[in-house]
Amino acid sequence: MSKLDLSRRGVLKTGAVAGAGLALPTIFTSGASAFTNEPGDSSVTLGFNVPQSGPYADEGADELRAYFLAVEHLNGEGDGGMLNTFSSKALDGAGILGRKVEYVTGDTQTKSDAARASARSMIEKDGAIMITGGSSSGVAVAVQALCQEAGVIFMAGLTHSNDTTGKDKKANGFRHFFNSYMSGAALAPILGSNYGTDRKAYHLTADYNWGYTTEEAVRTSTEAIGWETVGTVKTPLTQTDFSSYIAPVLNSDADVLVLNHYGGNMVNSLTNAVQFGLRDRVVNGKNFEIVVPLYSRLMAKGAGANVKGIYGSTNWHWSLSDEGSQAFVRSFGTKYGFPPSQAAHTCYVQTLLYADAVTRAGSFNPCAVSEALEGFEFDGMGNGPTLYRAEDHQCFKDVLVVRGKENPENEFDLLEIVEVTPVAQVTYDASIFGGELGSCNPGA
Amino acid sequence: MDGFILQILNGLDKGSAYALIALGLTLIFGTLGVVNFAHGALFMIGAFCAVTLNRLLTLSYVTEDPSRTDFLGNPAKVETPYVVDWFGESVGLAMIDWVVPLAILFSIPIMVAVGLIMERGLIKHFYKRPHADQILVTFGLAIVLQEIIKYYYGANPIPTPAPEAFVGTFDFGAMLGFEPFTILYPYWRLVYFVFAVILIGAVFAFLQFTTFGMVVRAGMADRETVGLLGINIDRRFTLMFALAAVVAGLAGVMYTPIISPNYHMGMDFLVLSFVVVVVGGMGSLPGAVAAGFLLGILESFASMPVAISIIPGINQIIIYLVAIVILLTRPRGLMGRKGVMEE
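This text gives an overview of the structure that appears in the document. Every residue gets a number counted from 1 within its own chain, in the order that chain's sequence is written. Chain letters and ligand numbers both follow the written order, the letters beginning at A and the numbers at 1. The predicted nature of this model means local features are confined to residues of pLDDT at least 70 and side-chain atom pairs, given and counted, to a pLDDT of 80 or more, with totals for whole chains, interfaces and linings taken over all residues.

## Quick word on the interface of chain B and chain A
One frequently used descriptor of interface size is the decrease in accessible area upon assembly of the parts. With 40 residues of chain B at the contact, the number on the chain A side is 39 residues. Counting only elements with at least two residues in the side of chain B that touches chain A, the list comes to helix H1 (2-32), strand E4 (184-186), helix H12 (265-280), helix H13 (285-302), helix H14 (305-310) and helix H15 (314-329) of chain B. Note on conventions: DSSP H or I runs of at least 4 residues are helices, E runs of at least 2 residues are strands, and numbering of each starts at the N terminus. Examining the composition of the side of chain B that touches chain A, we find that six residues originate from one element, H1(B), more than from any other. Under this grouping Gly is polar, as are all residues other than the nonpolar Ala, Val, Leu, Ile, Met, Phe, Trp, Tyr, Cys and Pro and the charged Asp, Glu, Lys and Arg. A per-class count over the side of chain B that touches chain A returns 18 nonpolar, 15 polar and seven charged. Each residue gets a C-beta atom placed from its backbone, and two residues are in contact if those atoms lie within 7 Å.

## What to know about the sheet that holds strand E14 (residues 386-388) of chain A
All names here are of chain A. Strand order in the open sheet formed by three strands is E13-E14-E15, with antiparallel pairing between adjacent strands. Edge positions in the open sheet fall to strand E13 (377-378) and strand E15 (395-396), since each of these has one partner strand only. Strand direction decides the pairing type here: E13 and E14, joined by two bridges, are antiparallel. Bridge pairing in E14 places Glu377 opposite Leu387. Between any two strands, pairing holds if DSSP finds at least two bridges.

## Regarding the packing of helix H2 (residues 39-57) of chain B against helix H5 (residues 99-121) of chain B
All names here are of chain B. Axis definition: a line fitted to C-alpha atoms, limited for helices to the stretch in contact. Angles are taken between N-to-C directions and run from 0 to 180 degrees. Two elements in contact, H2 and H5, have axes whose closest approach is 8 Å; the angle formed by their N-to-C orientations is 125 degrees. Considering their axes alone, H2 and H5 lie oblique with respect to each other. Crossing hand, H2 versus H5: right-handed. Residue-level contacts link Leu42, Ile45, Gly46, Cys49, Ala50, Leu53, Asn54 and Leu57 of H2 to Val99, Val100, Leu102, Ala103, Phe106, Ser107, Ile110, Met111 and Val114 of H5. Tallied by class, residues from the contact of H2 with H5 come to 14 nonpolar, three polar and no charged. In this scheme, roughly parallel covers angles under 35 degrees and roughly antiparallel covers those over 145, while 65 to 115 is roughly perpendicular and the rest are oblique. The sense of a crossing depends on the near helix, which, turned anticlockwise from the far helix by less than a right angle, makes the crossing left-handed and, turned clockwise, makes it right-handed.

## Here we look at the sheet that holds strand E12 (residues 311-314) of chain A
Residue and element names in this part refer to chain A. Pairing is mixed in the open sheet, where seven strands are placed in the order E7-E6-E8-E11-E12-E16-E17. Lying at the two open borders of the sheet, with one neighbouring strand each, are strand E7 (228-235) and strand E17 (415-421). Averaged over all neighbouring strand pairs, the angle between strand axes comes to 25 degrees, with direction disregarded. Bridge count between strand E11 (residues 289-294) and E12: three bridges; the pairing is parallel. Its bridge partner lying in E12, Leu294 is registered against Ser313.

## Description of the nonpolar core
Here is a general trend for soluble globular proteins: nonpolar side chains tend to be buried in one another's company. Core membership is restricted to buried Ala, Val, Leu, Ile, Met, Phe, Trp, Tyr and Cys residues, and these are joined into a nonpolar core through C-beta atoms within 7 Å. Buried means a residue has 20 or more other C-beta atoms within 10 Å of its own C-beta, exposed means 12 or fewer, and partly exposed covers the counts in between; C-beta atoms are placed from the backbone. Counting 222 residues, the largest nonpolar core has A:Leu257 and B:Leu23 as its most contacted members. At 16 residues, the largest contribution of residues to this core is made by helix H11 (residues 233-255) of chain B. In this structure, this core is formed jointly by two domains, domain 1 (43-178 + 318-397) and domain 2 (181-314) of chain A, each of which donates at least three residues. The contact partners of A:Leu257, leaving out residues within four places of it in the chain, are A:Tyr202, A:Leu204, A:Val249, A:Ala273, A:Leu278 and A:Ile290. Segment limits for the domains were obtained from an automatic or database-derived domain assignment.

## Focus: helix H8 (residues 187-209) of chain B
All names here are of chain B. To estimate the expected span of a helix, count its residues, drop one, and scale the result by 1.5 Å. In a regular helix each residue adds 1.5 Å, so 23 residues correspond to 33 Å; H8 covers 32 Å between its end C-alpha atoms and thus fits that length. All of the buried residues in H8 are Trp188, Arg189, Tyr192, Phe195, Ala196, Ile200, Val203 and Leu207. Buried-residue contacts for H8 involve H1, E4, helix H9 (211-221), H11 and H13.

This is how it looks when you write it as structure tokens:
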């Protein structure tokens, strides 16, 4: 049987114990963060995870240059770049939510395990609140999954596979770069109008995730305009000499070769194809043509004169004349002495978009940031009006169809824009690639 | 049939590169007993000799052309190579055009120096160490060399085209009575194959018909006895290391128009070349050459769509598959000598 103590001392004791008990959860939570790596009052750390070694090291170096420039502009240094043209005016050059932007860098080595390790280190040891970067879809998918688990935002750099915002999409991951589907949808009409609709295509495809989705996208879109696919061959990612893969093309009935290759693969396969005289051939009464679905200026430089007249697609090009592009090219070119690549552009834009989303949300909480990015419409960043689609966290904007320039005026003048494909033509249903976005994870 | 011939031709030029690298590897192993995993890096350094000469020949002075603008809207900068100023436009531009053949001369002293420094500076300290130590140190050296190249030249491939006179294809189809344009083969690949045959022949002739070569062969057979005769066999073996470096370097120089040089190209060839050496027989020079061409041709056939459709992935495993079969049936390789790496 209990005995109620109503004395003054008893009431005080009971009250103290009860008060302490009620206050306990608050004591624990007030000292803990509401989300992973909640920044202090003075600075915030971003993690730039790019290939600093390995085959895409040059692209990684260009991405880093763009990140450094973005940090300068966010902190109010330099000429402000795209902050002056960005349709959202939330950013004022005073850091992010009044905190100075700092950064740490990691080397992905273009390997998924190395990329995850460096991203983990930046999150756990350096306190990075956001991870961004990458020049490979395999890496992007792996790091995106890690960021989802860790409760930080991942702003993808150069990753073109449908899977990044398709079957492997995550609530904490966002991609500004375009994808394989968009390349196919943009390219096919141009190929049809330039090469005709009665064509036989032969695909050489890099034997990994990005190659598969690109082949599928280009096949689907070109078959839709009447082309026939007469052969598809997967080539090892480590292949350097593609002569033995190109020789069968000579003996096939194909009159178009589609090189679903990127990086060194693209440089070598295109060089080999031109060496074997494919472009001088006439098959089925038509000139033989080569198509490179994803172009990069850095890779075009490696292929030299072999890119002349060859069609492909790109996310952005420094020769665009809109205000945003020109502002970025001016900032980047003045600082580094050469124009930025598409990889640099997407990384710069992603950094600004993240900072802007935090500012509009008024919080670094990944879920608040995610909410601010979802369905966000903006302009002035070099691609015209753009939507960050809420359903899959993929940006939708115009896509550039480009062609290797016949008479370049300087070493950077390698590609010419043939068409700016309107966003409506490259938009697709978010459900077609499967995958579940899941729910945002704030971590902590 | 035309596809068959074309794949043989493809295999010959690929096999040429394998054979040249494997020849150098075998020379070093046969003379110094060293398993040199840095040999692919020598191939890569040779290729970058061509890149370097190209940069030297295209060193330019800059003038401004106010009639044009650059990407920032400033007056465009026009670069004029010094060689054009010094030797006139026709000679200067011809030198730039013929950079790859010129790089053969440029690379020989460089490769000799690299070979001697590598052997005297590092590898000689590992002669009496186990093969595992040799592999580790030379593999480490290969990584260091490729990182140095990457630091100075970047990670992206650098186009180094063949002379304009060799751009284009030879129509074997028309020559052999097939339909024209069905067996097209690039001129430069033919040049590469002929060059490889001449270089391999020159190395064999050097070993077979010179006193120096005779001593080296004697040293390979019985190092101790040759030493007892008062011959400084170590010095000759060091020179053989330099010769192997030159062979690998020249193979790299001439390969640059086929594959744009990049810092990783040595590693790409190294593993396959080791398989070639093992298949040919450790220490056997003719074996290395024969296996190089054999595996090059087999790899080409395995890349045909019909082969891939029958055995998916055969293009990626054919060389290793053949190596397994040959080693199971002939444990010393095609032309391996008894006693080599068997102690």
